[in-house]
Amino acid sequence: MSETFGLEFTQQVINGLTLGSIYALIAIGYTMVYGIIGMINFAHGEIYMISAYIGLITITALTTQLGVETIPLVLLLTLAVSILITSAYGWTVERVAYRPLRGSPRLIPLISAIGMSIFLQNYVQLGQGARDLSMPPLITGGWRFGAEGGFQVYLSYMQVLIAVVTVIFMTALTLFISRSRLGRACRACSQDLAMTNLLGIDTNRLISLTFVLGAALAAVAGVLISLYIGKINPFIGFEAGIKAFTAAVLGGIGSIPGAMLGGVVLGLAESFSSAYLRTEYKDVVAFSLLVLVLLFRPTGLLGKPEIEKV
Amino acid sequence: MPKPLPDALLMALLTGLLTLPIIGVQIRVEGINVLLEGDAGPVLLAMAAVFLARLFQVPLQAASGLIRLGQVLPTAERMASYRPALLTLLVMVAVVWPFTASRGAVDIATLALIYVMLGLGLNIVVGYAGLLDLGYVAFYAVGAYGYALLSLHFGLSFWECLPLCVLLAAATGCLLGFPVLRLRGDYLAIVTLGFGEIIRLLLNNLDELTGGPDGIGNIPKPTLFGLEFARRPSTEGGVTFHQFFGLEYSGGDTVIFLYLVALVMTLFILYVINRLIHMPVGRAWEALREDEIACRSLGLNPTVIKLSAFSLGASTAGFAGAFFAARQGFINPESFTFIESAIVLSIVVLGGMGSQIGVILAAVALTALPEAARQFAEYRMLIFGLVLMLMMIWRPQGLLPATRPRLELPQ
C-alpha cells in the first residue's frame, strides 16, 4: 500500500516538474518585464501560443517537406527558428503597443496589452483556424520503474528532454544576467530606470532586450509543450499566460529565481491536485494558491518587500 | 531619424518574417498526414503596407497632425458645460428608441444597457476608487446565477430576486475585498483576475448546483406587476399582459418591455451613483485614488473606503447580472469569461475613467459597432484589439474625460 503510494507520489512529482518547467520558462518573461518597467505584459501568453504554432509549422516543414530524419537536428532547427521569429514578435509587440505609452499611468499600458493580446489571438485564429491542431509525437517512449503488474512510474524521454532543455536555458539566462555587461545593465534598470538612463545606458534598447529574452524563453516553452502535449489552438496562450503570471507572482514578481521556483511550485500543486482531488479542480487550486500566497506573503516567496514612498 | 528607404525595407522584411508562419502558411490535417499549404498573397500585402507606411512616415504624420483627435473631441473643461444637455439628450433618445427602432435594434439596445450598467459599476471601482479589478465578471455571474437558482428552487419572481442578487453580489464583493484590499494595485488586479477564474471554474464544475457547462435554462422573464409577457399564462388562472389590456399578442412587446426594464434599472443606478459621488464617501474614493498616504493621515480608513467602493461596484454587477439572466432565459459559464471583464474594463477606460457620460457612450459604441460590422464578423475581435491599442496611444484619457473637482487660487 505505502509502496504504491510512494510510486504514485513520485509519478506526480515527475509530472509536476515537467509542467512546472514550462510555467517557469514563460514566467521569466513576465517577471523580467515587470522588474524593469513595472507593467504586466498581458500579451506574453499569446507570444507563447504563437511560438507553439511556429514550432509546429517548422517541424512539419522539416519532416514532411524537406525530409529531415534525424530527430536531434529537427529539434535544434525548430528551436532556432521558433526562437528567432518569436523574439521578433516580442520586439515588435513592445515597439508597437508599449513604447509609445512609456511614462503614462499604469492602467494605460495594461489596456494596450489586453488589446494586443486580443489582437494576436484573433490574428492567429484568422491565419490558422480556431480548431485544435494536433501533431504526431516526434519523440516517443520512456522508462518504466516499479514491479510488473503493480503501479509503475513512467518517465518519458520527452519529460527528460523538457527538464534538460529548461535547465540549459535557465542556466544560460542566469549566467547572462549575472556575468555579462548587458545583464548588469538589466539589473541596474530594474533597480532604477531613470538613474540608469542618466548614467548613459540606452534604457530603451535594454527594455527591448528584456522583451526579446522573455519571448525567446516563451518560444522554448512553446516548442516543448507542442511536442509534449501535441495539441495546440489559438486559445492556449491565455490560460498558460495566467498560470505563468501566477507562477511569477508566487515566486515574487521581479525576481528571476523566484519565477523559476514559482513555476515549479505551481506545476507540482497542479499535478498533485489533479491526482488526489478532481482533475477539474487543478486550476481552482492554482488560483487559490495565488490568493493565499498574496494574502500571507504579498511579495511572493522570494520577492523583496517594497516600501511605498510619499 | 533613420534614412527612410533602408528603414522601410528593414521593417517590411521584419513584417514578412512575422507574418509568414502565421498567415502565409496553413497547416492542413488530412487523416494522419499533416500538410503545409503556402499562400504568399497576404504576406506580400502586409509587407507592402508596412513598407509604404514607413517610407512615407513623415508626410503621414504631418497629415495626421492636421486632424488631431484631441482637437476634435472636447477637453475635460469644455465637457463640463455640455454635460446636462448631453445627458438630457441621451435619456430622450433612450426613451423614444424602442417605439421607433426595429425589434432587432431594440434587442441590441437592451444588451448595450446591460453593458452601461456594468460599465457604471466598474467605473466606481476603477474610475473613482482607482482599484484595478480584472475579475469584475465574477460578480456579474453571481447576480445571474443568483437569480437563476433562486427562481428555480424557490420560485421567486424577478423583482423579489433583484434585491437579493444585489445583496448576494455585495456580500461576495465584501468577502473577496476584505482580505485582498490591503494589497497594492497590481497585486489586486491579479487576485481579482484569479478570483474571476475561480468563480467561472466552480460554475463549470459544481454540476449538481449550477448545471456545469450546460448551464441553467428556462429562467422566467420579469413581469409587469404580475402580468406575464407570453402568449398564454404559465400558471393556472394567470393573466398575461396582452389579455389584461385587451391587445393583440405581439412578440415585440416582450422585447420593448425588457428594454424599458433595463432603462429604468440603468437610470436608477445612475441616480444612486450620482448621489453617492457627491457624498463624503464618494469624495473619499477620489481622495484615496489620488493619494492613499494623505488620506490615512487625514484620518480616513482606507480599508473601509475601498471596501465600500468594491462592494458597491460588485452589487451593480449583481444587479445587471440578474437582468442578464432574465433577458437570456438561459445562462452558462461561457458568458462569464475573462474577455467579458476585459470588455467592461475597456468600456470604462475608453469612455474616460470617472466620466459617466463617457462610460455610457463607450458602452453603446462597443456594443453597437460589432453589430454594425456584422459582415466583418470574423475580423470583429481583431479590430477590437486594435482599437484598444490605438486609443491608448492617441487618447489615453478616454473619449470624454471626467472633470476633477478642483479649486484654483485667485491670481
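The shown structure was predicted, so the numbers you read here are calculated from the model rather than taken from an experiment.

Thresholds applied
Residues numbered from 1 in each chain as written. Chains lettered and ligands numbered in written order. Predicted model: local features only at pLDDT ≥ 70, side-chain atom pairs only at ≥ 80, totals over all residues. Helix = DSSP H or I, 4+ residues; strand = E, 2+ residues; numbered from the N terminus. Rg over C-alpha atoms; globule rule 2.2 N^0.38 Å. Contact = placed C-beta atoms within 7 Å. Buried ≥ 20, exposed ≤ 12 C-beta atoms within 10 Å, placed from the backbone. Nonpolar A, V, L, I, M, F, W, Y, C, P; charged D, E, K, R; others polar. Expected span 1.5 Å × (residues − 1). Axes fitted to C-alpha atoms, helices over the stretch in contact; angles between N-to-C directions. Parallel < 35°, antiparallel > 145°, perpendicular 65-115°, else oblique. Left-handed = near helix turned anticlockwise from the far one by under 90°. pLDDT = per-residue confidence, 0-100.

A tally of regular secondary structure across chain A gives eleven helices and four strands. On C-alpha atoms alone, chain A measures out to a radius of gyration of 20 Å, which is about the 19 Å that the 2.2 N^0.38 rule sets for 310 residues. Across chain A, the fraction of contacts at a sequence separation of at least 24, relative to all contacts at a separation of at least 6, is 75%.

Broken down by element type, chain B carries 18 helices and two strands. For chain B, the residues scored as buried account for 41% of the 411 residues in total. Within chain B, counting contacts between residues at least 6 apart in sequence, those at least 24 apart form 77% of the total.

Listed by partner, the interface residues are 43 residues for chain B and 52 residues for chain A. Elements with a contribution of two residues or more to the side of chain B that touches chain A: helix 1 (4-24), strand 1 (25-30), strand 2 (33-38), helix 9 (185-205), helix 16 (338-351) and helix 18 (380-394) of chain B. With 13 residues, helix 9 of chain B is the single largest residue contributor to the side of chain B that touches chain A. Taken together, the residues that form the side of chain B that touches chain A break down as 34 nonpolar, six polar and three charged.

It is worth spelling out helix 4 (residues 107-128) of chain A at this point. With 22 residues, helix 4 of chain A extends 32 Å between its outermost C-alpha atoms, agreeing within 8% with the 32 Å of an ideal straight helix rising 1.5 Å per residue. For helix 4 of chain A, a buried count of 18 out of 22 residues is recorded, marking the element as mostly surrounded by other parts of the structure.

Turning our eyes to something else, we now look at the environment of Thr316 of chain B. Residues and elements named next belong to chain B. Of note, Thr316 is situated in helix 15 (residues 302-328). Residue classification places Thr316 among the buried residues on the basis of 31 C-beta atoms within 10 Å. For Thr316 and Ile273, which are 43 residues apart along the polypeptide, the C-alpha to C-alpha distance reads 9.8 Å. The contact partners of Thr316, leaving out residues within four places of it in the chain, are Met117, Leu120, Gly121 and Ile269.

A pair of packed helices can be characterised by two numbers: the angle between their axes and the separation between those axes. Residues and elements named next belong to chain A. Contact geometry for helix 5 (residues 157-179) and helix 6 (residues 181-191): axes closest at 5 Å, N-to-C directions at 75 degrees. By the criterion of interaxial angle, the relationship of helix 5 to helix 6 is roughly perpendicular. Within the contact between the two elements, helix 5 uses Phe176, Ile177, Ser178 and Arg179 and helix 6 uses Gly183, Cys186 and Arg187. Of the residues belonging to the contact of helix 5 with helix 6, the class tally is three nonpolar, two polar and two charged.

For the rest of this paragraph, the subject is the environment of Gly183 of chain A. All names here are of chain A. Considering the arrangement of structural elements, one finds Gly183 in helix 6. Exposure remark for Gly183: the 17 C-beta atoms within 10 Å place this residue in the partly exposed category. In this structure the C-alpha to C-alpha distance between Gly183 and Leu206, which are 23 residues apart in sequence, comes to 9.3 Å. Setting aside anything within four residues of it in sequence, one finds Gly183 in contact with Phe176, Ile177 and Ser178.

Let us look at the packing of helix 7 (residues 137-154) of chain B against helix 8 (residues 158-180) of chain B. Residues and elements named next belong to chain B. Their axes nearest at 9 Å, the elements helix 7 and helix 8 cross at an angle of 140 degrees. Accordingly, the angle class assigned to the pair helix 7 and helix 8 is oblique. For the crossing formed where helix 7 meets helix 8, the hand is right-handed. The segment helix 7 lies against helix 8, with Phe139, Val142, Gly143, Gly146, Tyr147, Leu150 and Ser151 engaging Phe158, Cys161, Leu164, Cys165, Leu168, Ala169, Thr172 and Gly173.

Turning our eyes to something else, we now look at the confidence of the model for chain B. Confidence in the prediction of chain B, expressed as mean pLDDT, is 81, and 85% of residues score 70 or more. Model confidence for the complex: the whole-complex pTM is 0.84, and ipTM, which rates the interface, is 0.83.

Along the polypeptide, Leu18 of chain B turns up in helix 1. Sequence separation of Leu18 of chain B and Ile360 of chain B is 342 residues, and the distance between their C-alpha atoms is 38 Å. Setting aside residues no more than four positions away along its own chain, Leu18 of chain B makes contact with Ile85, Ala88, Tyr89 and Thr92 of chain A.

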